[in-house]
Amino acid sequence: MADRPLQFGVRSLRLQDHSEAESAVDGVEPLVVDRLSPGAATAEFVQIELGDVAVVAGDYGSPIHSRGLVRSDQALVGLQMAPSPGHWNGRPFRQDAAWIYGAGAEHDGVGLEPTYFAAVGVPAPLADALRGDPVTAGQVQLSTGPHAESLRVLLADMVDLARTTATRSQQLEPQVATTARAALIDRLAGTLRLGHGAQRLDRGAAARVVHSCLQAADHLGPQPSPLDLGAALGLTDRRIRAAFNEWFGVPVATYFRHRALHAAHRDLVHARSGETTVATVAVRWGFWHLGRFAQRYRHQFGVPPSVTLTATKSRTWPPSRSEIG
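Residues numbered from 1 in each chain as written. Predicted model: local features only at pLDDT ≥ 70, side-chain atom pairs only at ≥ 80, totals over all residues. Heavy atoms only, no water.

A.B. asks: Looking at this structure, how should I read the overall build of the protein?
C.D. replies: Counting secondary structure elements, the protein contains twelve helices and 13 strands. A burial count over the protein gives 47% of its 325 residues as buried. Long-range pairs, those at least 24 residues apart, make up 75% of the contacts in the protein between residues at least 6 apart in sequence. (Helix = DSSP H or I, 4+ residues; strand = E, 2+ residues; numbered from the N terminus. Buried < 20%, exposed > 50% of the residue type's maximum accessible area, 1.4 Å probe, protein only. Contact = heavy atoms within 4.5 Å.)

A.B. asks: Would you mind showing me how to read the packing of helix H8 (residues 252-270) against helix H10 (residues 290-301) here?
C.D. replies: Helix packing geometry: the angle between the two helix axes and the distance between the axes. Contact geometry of H8 with H10 gives a least axis separation of 11 Å together with a crossing angle of 85 degrees. By the angle between their directions, the pair H8 and H10 is classed as roughly perpendicular. Contact with H8, carried on its side by Arg-257, His-258, Leu-261, His-262, Ala-264, His-265 and Leu-268, involves Phe-293, Arg-296, Tyr-297, Gln-300 and Phe-301 of H10 and no other residues of that element. (Axes fitted to C-alpha atoms, helices over the stretch in contact; angles between N-to-C directions. Parallel < 35°, antiparallel > 145°, perpendicular 65-115°, else oblique.)

A.B. asks: When you look at the side chain of Ser-84 in this model, what are you seeing that I'm missing?
C.D. replies: By the secondary structure assignment, Ser-84 is in the loop between strand E6 (74-80) and strand E7 (86-88). The exposure class assigned to Ser-84 is buried, which follows from its relative accessible area of 11%. Beyond its immediate sequence surroundings of up to four residues, Ser-84 is in contact with Phe-93, Glu-113, Pro-114 and Thr-115.

A.B. asks: What am I meant to see in the sheet that holds strand E5 (residues 64-69) here?
C.D. replies: By definition, the strands of a sheet pair up through backbone hydrogen bonds, in either a parallel or an antiparallel sense. Pairing is antiparallel in the open sheet, where five strands are placed in the order E2-E5-E10-E7-E8. Of all the strands in the sheet, just strand E2 (32-35) and strand E8 (91-92) have a single pairing partner and so form its edges. Pairing geometry for E7 and strand E10 (residues 106-111), over three bridges, is antiparallel. Residue pairing in the sheet places Trp-88 in a bridge with Gly-109 of E10. (Pairing = 2+ DSSP bridges.)

A.B. asks: Is there a simple way to think about empty space enclosed by the protein in this case?
C.D. replies: The probe, sized like a water molecule, is rolled over the atoms to show the empty space still left. A complete count under the given rule lists one cavity of 30 Å³ or more for this structure. In this structure, the largest cavity encloses a volume near 270 Å³. Lining the largest cavity are 20 residues; nearest its centre among them are Tyr-60, Ser-66, Trp-88, His-107 and Phe-117. Listing elements by their share of the lining of the largest cavity, those giving two or more residues are E5, E6, E10 and strand E11 (116-123). In terms of residue count, E10 provides more of the lining of the largest cavity than any other element does, four residues in total. Across the lining of the largest cavity, the residue classes break down as 14 nonpolar, six polar and no charged. (1 Å grid on protein atoms, 1.4 Å probe; cavity = no way out; pocket = protein on both sides within 12 Å on 5 of 7 lines; lining within 4 Å. Points joined across faces, edges and corners; volume = space filled by probe spheres on them. Nonpolar A, V, L, I, M, F, W, Y, C, P; charged D, E, K, R; others polar.)

A.B. asks: Is there a simple way to explain the environment of Thr-179 in this structure?
C.D. replies: Note that Thr-179 resides in helix H4 (residues 174-192). For Thr-179, a relative accessible area of 13% corresponds to the buried category. Sequence separation of Thr-179 and Pro-224 is 45 residues, and the distance between their C-alpha atoms is 8.2 Å. Apart from the residues lying within four places of it in its own chain, the contact partners of Thr-179 are Gly-286 and Trp-288.

A.B. asks: Please explain the pattern of salt bridges as it appears in this structure.
C.D. replies: Any two side chains of opposite charge can pair, on the condition that their charged atoms come close. Applying the stated criterion across every chain, the model contains eleven salt bridges. Where Arg-71 meets Asp-73, a salt bridge forms, and the shortest distance between an N and an O atom there is 3.0 Å. Of the charged contacts in the structure, one is a salt bridge between Arg-266 and Asp-267, with a shortest N-O distance of 3.4 Å. Taking relative accessible area as the criterion, Arg-266 reaches 41% and is therefore assigned partly exposed. Judged by relative accessible area, which is 17%, Asp-267 ranks as buried. Several salt bridges converge on common partners, so that one network encompasses Asp-186, Asp-237 and Arg-241. (Salt bridge = Lys/Arg side-chain N within 4 Å of Asp/Glu carboxyl O.)

A.B. asks: Would you take a moment to explain the packing of aromatic side chains for this structure?
C.D. replies: Working definition: an aromatic ring pair is given by the centre-to-centre distance plus the angle between the planes. Considering all chains together, one arrives at 14 aromatic pairs under this definition. Both rings, one in Trp-88 and one in Trp-99, keep their centres 4.8 Å apart while their planes meet at 90 degrees; by these two values the pair is edge-to-face. With Trp-88 in strand E7 and Trp-99 in strand E9 (residues 97-101), this residue pair connects regions lying eleven residues apart in the sequence. Both residues of the pair, Trp-88 and Trp-99, belong to the buried class. Seen from their ring centres, Phe-248 and Tyr-255 are 4.3 Å apart, and the 20 degrees between their planes marks the pair as stacked. Residue Phe-248 is classed as partly exposed on the basis of its relative accessible area of 32%. The rings of Phe-244, Phe-248, Tyr-255 and Phe-256 are connected pair by pair, giving a single aromatic cluster. (Phe/Tyr/Trp six-rings, centres within 6.5 Å; stacked < 30°, edge-to-face > 60°.)

A.B. asks: Where do I start with the nonpolar core in this structure?
C.D. replies: Generally speaking, a soluble globular protein has its nonpolar side chains buried in company with each other. Residues Phe-8, Val-120, Leu-155, Met-158, Leu-184 and Leu-188 are the most contacted members of the largest nonpolar core, which totals 40 residues. Core analysis: the next-biggest nonpolar cluster, separate from the first, contains 23 residues, Leu-13, Leu-15, Val-28 and Ile-64 among them. (Core = buried A, V, L, I, M, F, W, Y, C linked by side-chain atoms within 4.5 Å.)

This is the structure in structure tokens:
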């Protein structure tokens, strides 16, 4: 990624004509879509641009047959966002699955009911790096289980943010885009590597890697991804994941998320009256989805972040039972 500020670019499409919707899924060229049932149906799409990575989520509004080729410079990860019957390249739709299309792969999908899907377009070299092996041209792989579910939850949060916070052509602040992209790349790595054996490190090696990562993290932002850390230290992200799992017993993202939650809590507790907001503190510590931040904060500290800030302003921390509600 270049050092220029990253933007969270959003475009919403609500279309009656499916021929217009064919251009909504970037990375498949040409995409041809045929409606399989008569009558008018509205197609709804949300497109999100995060630098070199793009997300599209949409519902054609009717059963459809879609086909095309993945661009030669792209890889595409697709998954259902809600259950419905159909197939992609002859494989039945599964709610616990993600389909990975390598550069040049053929796409042929049939949705027997209106299908809510999401697709992530990734540059082919980045997909190879995330996979740890080349994603062969034309290859279609099926990933199932918690990795696909984790990716689906993240994409749902992104779509929610796009729909509720950003209007057509509006962009959110760069810190939101940077942390959102890092989270997406991390989830994609887990999905693309399904079936690859996890690397193991002894305690001594894990301690050295973790120590280096914690030092590097001071310059990489509050919630760096294993890929960010690996690039800074000249290590593979798989080695970094293995080190955190061995030393802390939790994934890299979990460790830094908990550390960032405590830092946000500290800032809210020590904030002076009128000097900050919950949103400002959340974004400062790498939380790009405020609803998810509030949920995690309350789970960790027993109160919403707004209560911490309000109690701090009135000098009544910890808050009373009536303030918590």
